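Residue-level structure breakdown
Here is how the chains run, residue by residue.
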Amino acid sequence: MSNINILVVDDEKEIADLVEIYLVSDGYKVFKAYSAEEGFKVLEQNKIELVLLDIMMPGMDGLEMCRRIREYNNIPIIMLSAKSTDLDKILGLSTGADDYVVKPFNPLELTARVKSQLRRYTQLNPGKPVEVIESDIQIHGLQINKENHMVTVFGEEVKLTPIEFDILYLLASNPGRVFSTDEIFERVWNEKVYEANNTVMVHIRRLRGKLHEDTRNKKIITTVWGVGYKIEK
């Protein structure tokens, strides 16, 4: 893991130092920044595979930094925040974050979430050219190539985060089957649902926006009210 670079952006030096200790002990290389401005400089000068991002910072906050990163980069972003309400989590995830961890957090839980996000990201973005082959899935104008993490809708390429890709691939590879939000969470995040949350719904909403479902008469992802989501055959 020595070649995995992680950026920690938090204006609380003690928290940044604590996170660094645990990540370094797991073999990661850690870059620290104490403001969004410093964080962008690190991103410009280094190849970063994951960002741990505090929300409440002076100047540009973590939400705005996350939005700006998402304009050009799909690396995993884990939000760190003392705000713990469902509304706060929804807001954080809606800006483009892949996960949301509430302070104070268990460092071991945080490193487990880091490993989960990195595993997904490195599997889908191996960092080497991949031969373009016929898409694994073609359905209703949607084409998904699992080998090179490419998604197109009616010929238009759609840039997805690893989490969004996994959700879409899960639904599209099981056409007609309805998945509950809990099942999607357990299958995609590889974790048990330990509390009611809106994580999956937020990611589905963001995914639909990228697929431009609001401009299409026929939706790609269908909501089965009170049950879950599916992609029709």
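Residues numbered from 1 in each chain as written. Predicted model: local features only at pLDDT ≥ 70, side-chain atom pairs only at ≥ 80, totals over all residues. Heavy atoms only, no water.

1. A word on the nonpolar core
A general feature of soluble globular proteins is that nonpolar side chains tend to end up buried together. Rules: Only buried residues count toward a nonpolar core, which is a set of Ala, Val, Leu, Ile, Met, Phe, Trp, Tyr and Cys residues joined through side-chain atoms within 4.5 Å. Relative accessibility under 20% of the residue-type maximum defines a buried residue, over 50% an exposed one, and the middle range a partly exposed one, all with a 1.4 Å probe and only protein chains included. Labels follow the DSSP assignment, with helices taken as runs of H or I lasting at least four residues and strands as runs of E lasting at least two, numbered in each case from the N terminus. In this description, contact between two residues means that some pair of their heavy atoms is separated by no more than 4.5 Å.
In this structure, L142 and L168 are the most contacted members of the largest nonpolar core, which totals 29 residues. Counting only elements with at least two residues in this core, the list comes to strand 6 (137–139), strand 7 (142–145), strand 8 (150–153), helix 6 (162–172), helix 7 (181–189) and helix 8 (199–210). For this core, the element with the most residues is helix 6, which contributes eight residues. Ignoring any residue separated from it by four or fewer positions in sequence, one finds L142 in contact with I137, V151, T152, V153, L168, A172, I220 and I231. In terms of nonpolar packing, the next biggest core, distinct from the first, is built from 27 residues, V9, I75, M79 and L93 among them.

2. Notes on the UniProt feature "domain: Response regulatory" (unreviewed entry) in the protein
Let me state the cut-off plainly: UniProt positions are given in the numbering used here, feature names are shortened, and annotations may be inferred rather than shown by experiment.
Feature annotation in UniProt places "domain: Response regulatory" (unreviewed entry) on residues 5–118, given in this structure's numbering. Taken as a whole, residues 5–118 contains 46% helix and 21% strand, while its terminal C-alpha atoms sit 10 Å from one another.

3. Topic: the UniProt feature "modified residue: 4-aspartylphosphate" (unreviewed entry) in the protein
Mapped onto the present numbering, the UniProt feature "modified residue: 4-aspartylphosphate" (unreviewed entry) falls at D54. With respect to the secondary-structure elements, D54 resides in strand 3 (residues 50–54). Dropping the residues within four chain positions of it, D54 is found in contact with V9, D10, D11, G62, L80, S81 and K103.

4. Topic: the packing of aromatic side chains
Heads up, the rule is: Pairing of aromatic rings covers Phe, Tyr and Trp, the last counted by its six-membered ring, and requires centre-to-centre distances within 6.5 Å; plane angles under 30 degrees mean stacked, over 60 mean edge-to-face, and any other angle means tilted. Any Lys NZ or Arg CZ found within 6 Å of a ring centre and within 35 degrees of that ring's normal is scored as a charge over the ring.
In this structure the tally under the stated criterion is two aromatic pairs. Each ring, one from F165 and one from Y169, has its centre 6.0 Å from the other, and the planes form 15°; the classification is stacked. A residue pair is termed a helical-turn pair when its members lie 3 or 4 positions apart in one helix, as F165 and Y169 do in helix 6 at four residues. Here F165 and Y169 have matching classes, each one buried. Note on F185 and W189: the rings are 4.9 Å apart at their centroids and 10° apart in plane angle, and the pair reads as stacked. A residue pair is termed a helical-turn pair when its members lie 3 or 4 positions apart in one helix, as F185 and W189 do in helix 7 at four residues. The ring centre of Y169 lies 4.4 Å from the NZ or CZ of K146, which sits over that ring.

5. Some thoughts on the side chain of E49
In plain terms, the rule: N or O atoms closer than or at 3.5 Å make up a polar contact, with two conditions inside protein: a donor-capable atom paired with an acceptor-capable one, and, for residues adjacent in sequence, both atoms drawn from side chains.
Residue position: E49 is located in the loop between helix 2 (36–45) and strand 3. Here the side chain of E49 touches N5 through a polar contact of 2.8 Å, landing on its backbone nitrogen. Here K47 takes part through its side chain, which lies 2.9 Å from a polar atom of the side chain of E49.

6. Examining the sheet that holds strand 7
Under the convention used in this document: In this scheme, strands are said to pair when DSSP sees at least two bridges between them. Comment: axis = line fitted to C-alpha atoms, over the contacting stretch for helices; angle = value between 0 and 180 degrees taken between N-to-C directions.
Pairing in this open sheet of four strands is antiparallel, and the strands run 6-7-8-9 from one edge to the other. The strands lining the two open edges of the sheet, one partner per strand, are strand 6 and strand 9 (156–158). Each neighbouring strand pair of the sheet contributes to a mean axis angle of 20°, computed without reference to strand direction. Taken together, the four bridges between strand 7 and strand 8 define a ladder with antiparallel strand orientation. The residue of strand 8 that forms the bridge with N145 is M150.

7. Re helix 6
Taking burial as the measure, the eleven residues of helix 6 include eleven buried ones, the bulk of the element. For helix 6, every residue scored as buried is listed here: P162, I163, E164, F165, D166, I167, L168, Y169, L170, L171 and A172.

8. Structural notes on the packing of helix 2 against helix 3 (residues 62–70)
Quick note on the threshold: Each angle gets one of four labels, with under 35 degrees taken as roughly parallel, over 145 as roughly antiparallel, 65 to 115 as roughly perpendicular, and the rest as oblique. Rotating anticlockwise by less than a right angle from the far helix to the near helix defines a left-handed crossing, while the corresponding clockwise rotation defines a right-handed one. Put simply, Ala, Val, Leu, Ile, Met, Phe, Trp, Tyr, Cys and Pro go in the nonpolar bin, Asp, Glu, Lys and Arg in the charged bin, and everything else, Gly too, in the polar bin.
Where helix 2 contacts helix 3, the two axes come as close as 10 Å, and the packing angle between them is 25°. In terms of their interaxial angle, helix 2 and helix 3 are classed as roughly parallel. Seen from above, helix 2 lies across helix 3 with right-handed handedness. Seen from helix 2, the contacting residues are A36, G39, F40 and L43; seen from helix 3, they are M65, R68 and I69. Here the contact of helix 2 with helix 3 is composed, by residue class, of five nonpolar, one polar and one charged.

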